[in-house]
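Survey of secondary and tertiary structure
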Amino acid sequence: MEVLAPAEALDIETEEGYRVHRTGELYGQYQTLEQQKDSATLGMWIFLATEILFFGGLFLTYSINRQAYGQVFAFSSRTIDLKWGAINTVVLIGSSLTMAMSVWCAQVGKKKLVTLFLILTLALGSVFLGIKGIEYHAKYVEHHIPGLSFDLYYCTNNPSACGLSGQALENEKIELEDLTAKAGGPDAVNAHSQLFFSLYFGMTGLHALHMIVGAGLLISLILQSLKGRFTPEYNTPVENIGLYWHFVDIVWIYLFPLLYLIDRH
Amino acid sequence: MATTTTAPAHTMPREHYLNSTYGIRSWLLTTDHKRIAWLYLAGVTFFFTLGGIFAAMIRIHLLTPNGLLVSPETYNKLFTMHGVAMIFFFLIPSIPAVLGNFLIPLMIGAKDVAFPKLNLLSWYVYITGGCFVLYAFATGGLDTGWTFYTPLSSVYSNSAVAPAVIGIFINGFSSILTGLNFVVTIHTMRAPGMTWFRLPLFIWAHYATSIIFILGTPVIAITLLLVALERTLHLGFFNPVLGGDPILFQHLFWFYSHPAVYIMILPAMGVISEIIPTFARKPIFGYTFIAASSIAIAVIGFFVWAHHMFLTGESTYAALAFSLLSYLVAIPSAVKVFNWTATLYKGSISYDTPMLYALGFIGLFLIGGLTGLFLACLGLDIHIHDTYFVIAHFHYIMVGGAIMGYLGGLHFWWPKITGKLYPEFLARVAAVTLFVGFNLTFGPQFLLGFMGMPRRYHNYPPEYQVLNVLSTAGASILAIGYLLPMIYFTWSVRYGKAAGPNPWPATGLEWTTASPPPTENFEVTPVVDWEPYDYKNRPDLGLAAPVVPLAPAHGDD
Amino acid sequence: MSEHIVSPKIYLLIFTTLMVLTGTTVYAATVDLNAYFAGLNIIVALVIATCKAILVVLFFMHAYYSTRRTKLVIFSGVFWLAIMLFLTMGDYATRSWEAH
């Protein structure tokens with residue numbers, strides 16, 4: 001059984017009946033396109049398994065710390081604007097839908113729609129990142145960034161800076177006093193709340209970093225799809241980058257309740 | 001005793017992977033797994049030498065009770081940098097990245113790994129991580145111990161912790177990508193007829209190792225990243241003053257670092273499983289059990305990490321569970337030792353250098369492994385934790401085991417890798433020297449630990465001096481055992497005799513192609529229709545005559 | 001290359017289910033479930049999140065239609081995470097069990 005030659009052998013039919021298509025090159029170490037696709041897909045799934053463990057370390061850190069400082073975590077979580085988190089969840093799951101649709105379009109040969117759905121996915125991902133920027137800015141204004149004059153009491157002491165007034169301000173003051181008494185003083189509250197926000201920024205930051213990488217990959221896919229590269233015979237990059245994108249979505253599916261929904265009652 | 005068969009003189013093939021292209025770019029931009037193996041060989045040898053220099057300084061310093069060579073702060077840096085260099089940049093990559101990279105495609109009949117460019121990237125990532133760590137060594141050193149326990153590492157240490165942990169973090173991705181590459185390669189790139197149970201046990205060992213690379217390394221990566229962030233941004237995850245928990249760091253750290261020791265030993269076990277049948281001229285005993293035990297070690301190894309934390313504050317019940325699991329993980333290792341021994345039984349044994357290393361491995365790994373069980377015992381660990389007993393235990397496994405496996409493998413496959421034979425007599429001398437030096441270095445340390453000498457101390461009470469001096473003397477002999485191969489291997493590349501495709505001879509696909517192999521490994525894709533380690537049935541290799549039974553035949557095959 | 005093509009109808013159905021589950025989890029956070037059973041809020045939140053994750057993995061990522069090998073990889077990743085989480089949290093949880 002002879003080894004197929006690489007790129008030069010495009011657009012021929014081999015004796016075994018494999019059609020080596022123009023849109024997909026066979027790399028030199030592989031014997032068949034089937035083997036190449038199989039390897040790429042297995043490779044991406046294994047990479048995602050490593051990512052589960054990578055994020056997992058942060059989830060473990062979160063679990064242990066939340067167990068120890070539940071009330072401070074609950075209060076800190078409530079200072080994050082729920083509406084942006086919820087919108088982001090809808091946006092990101094929506095982007096998973098559009099990503100899955102782009103794979104389907106490639107599978108059924110609708111080449112132009114592949115590009116459209118990829119662009120939609122990128123757009124939704126960008127909206128997500130934009131909203132994250134809004135959230136981070138809000139945290140900056142409220143002095144909730146660890147290491148940058150962090151002070152959980154800043155907002156009740158400077159309500160106008162945080163946009164707090166009236167009943168909401170009173171409620172927050174009472175809750176904070178209650179918390180301070182239970183948690184053992186303002187220094188402890190600040191220290192433990194810094195842990196929460198370190199995790200907030202660390203976990204959503206790592207997640208956002210993965211989304212930025214994903215956005216870069218999407219741009220590459222969009223450029224390739226504009227050249228009509230993805231066909232029913234060859235759409236492995238769309239499928240595999242789709243897997244990556246869905247994985248990033250799943251991480252957010254866990255981040256959202258753990259960071260935003262600790263205690264909203 | 002006859003060693004290699006007296007065959008007609010071989011010649012080097014005219015074109016092979018080493019001379020097919022020339023120039024520095026053809027090496028630094030290669031995607032050929034065989035050349036990448038050489039790139040890794042250069043890297044790991046460098047870090048081994050560096051770690052060895054630190055070790056030499058430690059042993060010299062410990063010649064006298066009050067320390068001979070350096071200040072206490074510097075001593076802390078020496079043992080830390082010795083550990084970091086040896087573990088992360090030598091032991092973990094050594095066999096997988098050098099021998100694994102070279103041999104896996106050859107052994108399965110493939111042209112290359114599944115992702116050759118990713119393979120090259122792995123090497124560059126390794127080098128980048130190494131540069132960060134070297135920078136840390138050069139600008140203040142590292143004094144936290146290779147275990148980076150917090151809050152010393154994250155808050156109080158005045159050494160170059162941040163660049164070092166970032167370097168190890170980066171290096172982790174080299175491991176992850178290599179493991180990913182190996183798993184996919186073994187799944188999808190096997191030649192026709194190469195079924196799972198015809199694979200060489202070296203492949204099974206590397207498959208198991210790759211599972212650990214893939215599932216364990218990401219955790220140390222995120223953990224060290226957190227330490228770096230904590231150090232630079234003063235976060236508080238592991239700092240008690242800020243409400244953090246040092247034990248959490250230890251859980252996260254050891255979740256990887258215990259399986260990491262299986263990363264270091266499993267490939268060596270794979271090497272031994274290749275060498276023993278070759279030089280006993282017998283099929284390996286219990287192939288399926290050895291293959292299964294490799295996977296079992298990789299899996300069970302993930303359940304035992306907190307045996308490093310018996311004395312640091314974990315709950316008694318957790319300690320009990322981890323102690324029991326640690327005993328369990330010894331079982332698959334024992335299975336292997338039994339099977340190798342059974343392979344030797346009634347074999348036609350020859351004592352070529354690889355076999356000397358393999359036999360040494362079995363004995364020394366046995367001692368190292370059994371002393372691990374001492375440490376897994378909760379009551380006993382109270383006394384010997386953090387003493388030289390631990391140091392002796394893990395050096396028996398990592399040097400007596402892993403490094404002997406690495407050197408044995410290098411010798412065994414050197415003819416394939418370079419097409420040249422190393423000088424056999426000198427190599428045997430080196431192997432014996434290494435064995436003697438090693439035991440003299442680390443044997444006394446068991447006694448020292450049992451007698452209570454703590455580890456990571458720059459001084460000790462005078463009654464420990466005799467054993468320390470013995471240990472240092474042994475280290476100097478050990479050093480000769482390491483230097484000799486470096487010299488004669490280098491010599492053999494230019495002046496060695498041409499080896500021919502199969503000098504030993506051994507079964508296995510890698511021996512069916514030329515030495516050194518052509519860039520594409522095989523002229524024609526092989527089709528496999530034989531069982532592995534078929535030593536009784538290979539007249540083409542001069543292995544047709546079965547071993548003469550000592551008693552009337554009773555069908556014990 | 002044969003592969004199962006999942007129809008957009010299924011994708012839309014899964015998306016709708018995910019939206020419903022998202023709404024549910026937000027609503028559940030506004031109810032004090034801990035009054036009924038200690039820790040019920042977090043349990044409900046994690047169960048819902050896991051259901052969402054399973055739907056994404058099975059249908060958006062095509063795991064439902066994939067090989068046993070792929071399923072093994074997914075299972076391994078999750079199982080190993082579980083080892084790390086449960087054994088570590090087990091240590092913390094059993095510290096108060098010390099016999100006095």
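Keep in mind that this is a model prediction, so the values were computed, not measured.

**Let's talk about the overall build of chain A**
A tally of regular secondary structure across chain A gives 9 helices and 2 strands. Listing each helix as α and each strand as β along chain A from the N terminus yields β-β-α-α-α-α-α-α-α-α-α. Taken over C-alpha atoms, the radius of gyration comes to 24 Å for chain A, far larger than the 18 Å a tight globule of 265 residues would show. Dimensions along the principal axes, computed over C-alpha positions, put chain A at roughly 80 × 35 × 30 Å. For chain A, buried positions account for 48% of its 265 residues.

**Focus on the overall build of chain C**
Secondary structure assignment for chain C yields 3 helices and 0 strands. Along chain C, helices and strands appear, N-terminal first, in the series α-α-α. Against the 2.2 N^0.38 benchmark of 13 Å for 100 residues, chain C shows a C-alpha radius of gyration of 18 Å, more extended than a compact globule. In chain C, buried positions account for 28% of the 100 residues. Taking as baseline every contact in chain C between residues at least 6 positions apart, the subset at least 24 positions apart corresponds to 48%.

**A look at the interface of chain C and chain A**
Contact with chain C, which involves 36 residues of that partner, is made by 36 residues of chain A. The dominant element in the side of chain C that touches chain A, judged by the number of residues it contributes, is helix H3 (residues 68–93) of chain C, at 13 residues. Its residues assigned to classes, the side of chain C that touches chain A comprises 26 nonpolar, 7 polar and 3 charged.

**Overview of unusual backbone geometry**
Most peptide bonds take the trans form, and the phi angle of most residues other than glycine is negative. Residues and elements named next belong to chain B. Cis geometry is adopted by the peptide bond preceding Pro151, which originates at Thr150 and carries an omega value of -5 degrees. Relative to the assigned elements, Pro151 resides in the loop between helix H4 (116–138) and helix H5 (152–156). Here the amide bond leading from Trp504 into Pro505 is cis, since omega sits at -10 degrees, within 30 degrees of zero. Although it is not a glycine, Arg456 adopts a positive phi angle of roughly 60 degrees. The exposure class assigned to Arg456 is partly exposed, which follows from the 14 C-beta atoms found within 10 Å.

**So, the domain arrangement of chain A**
Many authors give the size of an interface as the accessible area that is lost as the parts come together. According to the domain assignment, chain A contains domain 1 (1–31) and domain 2 (44–260). A C-alpha centroid distance of 43 Å is found between domain 1 of chain A and domain 2 of chain A.

**Some thoughts on helix H8 (residues 246–280) of chain B**
Residues three or four positions apart in an α-helix share a direction because the helix packs 3.6 residues into each turn. Residue and element names in this part refer to chain B. For H8, which comprises 35 residues, the first-to-last C-alpha distance of 50 Å matches the rise-based estimate of 51 Å (1.5 Å per residue) to within 8%. Residue Trp254 marks the point of greatest curvature in H8, where the axis turns by about 35 degrees. In terms of burial, H8 is largely enclosed, as 34 of its 35 residues are buried.

**Comments concerning the domain arrangement of chain C**
Looking at the assigned domains, one finds that chain C contains domain 1 (1–66) and domain 2 (67–100). Between the C-alpha centres of domain 1 of chain C and domain 2 of chain C there is a distance of 22 Å.

**Quick look at helix H8 (residues 186–226) of chain A**
When the terminal C-alpha atoms of H8(A) are compared, their 57 Å separation across 41 residues agrees well with the 60 Å that a helix rising 1.5 Å per residue should span. Just past H8(A), the residue A:Gly228 takes up positive phi, approximately 75 degrees.

**A few points about the confidence of the model for chain A**
Residue and element names in this part refer to chain A. Here chain A averages 89 in pLDDT, while 91% of its residues score no lower than 70. At the level of individual helices and strands, chain A shows its lowest average pLDDT in strand E2 (residues 19–20), which scores 48, and its highest in helix H9 (residues 236–260), which scores 97. Here residues 1–10 scores under 50 on pLDDT; set against residues more than four positions off or in separate chains, the count is 18 contacts.

**Brief notes about the packing of helix H3 (residues 72–108) of chain B against helix H7 (residues 201–233) of chain B**
Residues and elements named next belong to chain B. It is at 10 Å that the axes of H3 and H7 come closest, and there the two elements cross at 125 degrees. With respect to H7, the element H3 is oriented oblique. Both H3 and H7 take part in a crossing whose hand is left-handed. Each of Pro96, Gly100, Leu103, Ile104, Met107 and Ile108 in H3 lies in contact with H7, whose residues at this interface are Phe202, Ile203, His206 and Thr209. Of the residues assigned to the contact of H3 with H7, the class counts are 7 nonpolar, 3 polar and no charged.

**Some details on the interface of chain C and chain B**
Each partner contributes to the interface: chain C provides 11 residues, whereas chain B provides 12 residues. The residue inventory of the side of chain C that touches chain B, partitioned by class, reads 4 nonpolar, 4 polar and 3 charged.

**Some details on the environment of B:Pro501**
Note on placement: B:Pro501 falls in the segment after helix H15 (465–495). Once residues lying within four places of it in the same chain are set aside, the contact partners of B:Pro501 are B:Trp511, B:Thr512, B:Thr513, B:Ala514 and B:Ser515.

**Some words on the environment of A:Leu58**
For A:Leu58, the position within the fold is in helix H1 (residues 33–68). A tally of 22 C-beta atoms within 10 Å means that A:Leu58 is categorised as buried. In the structure, A:Leu58 is positioned 144 residues away from A:Gly202 in sequence and 8.2 Å away in space, judged by C-alpha atoms. Apart from the residues lying within four places of it in its own chain, the contact partners of A:Leu58 are A:Leu199, A:Gly202, A:Met203, A:Leu206 and B:Ile222.

**Section: the nonpolar core**
Among the nonpolar cores identified, the biggest contains 276 residues, and B:Ile108 and B:Val165 are the most heavily contacted of them. Not counting the four nearest positions on each side in its chain, B:Ile108 is found in contact with B:Ile186, B:Met189, B:Arg190, B:Ala191, B:Met194, B:Leu199 and B:Ile203.

**A short note on the confidence of the model for chain C**
Regions with low pLDDT should not have their predicted coordinates read in detail. Across chain C, the average pLDDT comes to 92, with 94% of residues at 70 or higher. Scoring of the predicted complex yields 0.93 for pTM and 0.94 for ipTM.

**Focus: the packing of helix H10 (residues 316–344) of chain B against helix H11 (residues 353–376) of chain B**
Residues and elements named next belong to chain B. It is the contact of H10 with H11, at a shortest axis distance of 10 Å, that shows an interaxial angle of 165 degrees. Accordingly, the angle class assigned to the pair H10 and H11 is roughly antiparallel. Crossing geometry of H10 relative to H11 is assigned as left-handed. Side by side, H10 and H11 meet where Ser323, Ser326, Tyr327, Ala330, Ser333, Val337 and Trp340 of the first sit next to Ile362, Leu366, Gly369, Gly372, Leu373 and Ala376 of the second.

**Here's the deal with the environment of A:Leu116**
Tracing the chain through its elements places A:Leu116 in helix H4 (residues 111–141). A:Leu116 gets classed as partly exposed once you count the C-beta atoms within 10 Å, which come to 16.

Basis of the calculations
Residues numbered from 1 in each chain as written. Chains lettered and ligands numbered in written order. Predicted model: local features only at pLDDT ≥ 70, side-chain atom pairs only at ≥ 80, totals over all residues. Helix = DSSP H or I, 4+ residues; strand = E, 2+ residues; numbered from the N terminus. Rg over C-alpha atoms; globule rule 2.2 N^0.38 Å. Buried ≥ 20, exposed ≤ 12 C-beta atoms within 10 Å, placed from the backbone. Contact = placed C-beta atoms within 7 Å. Nonpolar A, V, L, I, M, F, W, Y, C, P; charged D, E, K, R; others polar. Domains from an automatic or database assignment. Expected span 1.5 Å × (residues − 1). Bend = angle between axes of the 7 residues up to and from the residue. pLDDT = per-residue confidence, 0-100. Axes fitted to C-alpha atoms, helices over the stretch in contact; angles between N-to-C directions. Parallel < 35°, antiparallel > 145°, perpendicular 65-115°, else oblique. Left-handed = near helix turned anticlockwise from the far one by under 90°. Core = buried A, V, L, I, M, F, W, Y, C linked by C-beta atoms within 7 Å.

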